[in-house]
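# Descriptive structure summary
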Amino acid sequence: MLNFIKFDKDNSSPELIKFLKLLFPEINAARWRWEYRENPEFRGLVYLATYKSKIIAHYAFIIGKYKFNNSTYKIAKAEGSIANIKEILKLPKEERRVFKKLVSYSLKDLKKQNV
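This structure is a prediction, so every number in the text was calculated from the model and none was measured. (Residues numbered from 1 in each chain as written. Predicted model: local features only at pLDDT ≥ 70, side-chain atom pairs only at ≥ 80, totals over all residues. Heavy atoms only, no water.)

## A look at the overall build of the protein chain
For the protein chain, the helix and strand inventory stands at four helices and four strands. Listing each helix as α and each strand as β along the protein chain from the N terminus yields β-α-α-β-β-β-α-α. A buried classification covers 36% of the 115 residues belonging to the protein chain. Summing over all exposed atoms, the protein chain offers an accessible surface of approximately 7,700 Å²; the carbon and sulfur share of this is 54%. Distance from the positive charge centre (24 side chains) to the negative charge centre (12 side chains) of the protein chain: 5 Å. (Helix = DSSP H or I, 4+ residues; strand = E, 2+ residues; numbered from the N terminus. Buried < 20%, exposed > 50% of the residue type's maximum accessible area, 1.4 Å probe, protein only. Areas by Shrake-Rupley, 256 points an atom, 1.4 Å probe, with all protein chains shown as cover. Lys, Arg positive; Asp, Glu negative; His and termini not counted. Charge placed at Lys NZ, Arg CZ, Asp CG, Glu CD.)

Quick look at the structure:
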């Protein structure tokens with residue numbers, strides 16, 4: 001079954017790092033933690049799509065404040081968009097379009113948080 005979750009853990013998980021290494025071999029747990037958990041300027045929000053408890057997509061936002069024309073805006077910058085196409089193609093046809101569904105799930109959550 002296809003599931004979407006907000007990854008609320010303070011630390012990265014070995015499974016998450018293994019998934020990210022598929023496309024970014026240089027990533028490690030310390031780098032991921034800095035990017036999404038420990039960066040003093042920005043807050044990271046991470047969303048995952050899983051199928052049968054296996055991560056198949058990662059979508060993240062960096063939440064921060066930006067100044068423009070003497071005004072400060074709270075914004076969410078999308079980054080960290082990764083999907084394992086090989087795994088997605090194994091899904092039943094009605095379960096595909098994973099990334100679209102993951103983005104929709106994450107945007108609804110951002111609205112709930114008033115971001």
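## Quick look at a nonpolar patch on the surface
Together, Y66, F68, Y73 and I75 line one region of the surface with nonpolar side chains, adding up to about 390 Å² of accessible area. Along the chain, F68 turns up in strand β3 (residues 54-68). (Patch = residues over 30% accessible without salt bridge, like charges linked within 9 Å, V, L, I, M, F, W, Y side chains within 5 Å. Salt bridge = Lys/Arg side-chain N within 4 Å of Asp/Glu carboxyl O.)

## Structural notes on the pattern of salt bridges
A full pass over the atoms with the stated rule returns five salt bridges. Across the pair K54 and E87 runs a salt bridge, and its minimum N-O distance is 3.2 Å. Separated by 33 residues along the polypeptide, K54 in strand β3 and E87 in helix α3 (residues 85-88) bring together distant segments of the chain. K77 is the salt-bridge partner of E79, the closest N and O atoms lying 3.5 Å from each other. A relative accessible area of 19% places E79 in the buried class.

## Some thoughts on the sheet that holds strand β2 (residues 43-51)
Sheet architecture is open: four strands sit in the order β1-β2-β3-β4, paired in antiparallel fashion. The open sheet terminates on both sides in strands that have one partner only, identified here as β1 (2-6) and β4 (71-83). Each neighbouring strand pair of the sheet contributes to a mean axis angle of 20 degrees, computed without reference to strand direction. With nine bridges connecting them, β2 and β3 associate as antiparallel partners. When the sheet's bridge partners are listed, V46 is paired in β3 with A60. Those strands touched by helix α4 (residues 98-112) are β1, β2, β3 and β4, and its axis lies near 40 degrees from that of β3. (Pairing = 2+ DSSP bridges. Axes fitted to C-alpha atoms, helices over the stretch in contact; angles between N-to-C directions. Contact = heavy atoms within 4.5 Å.)

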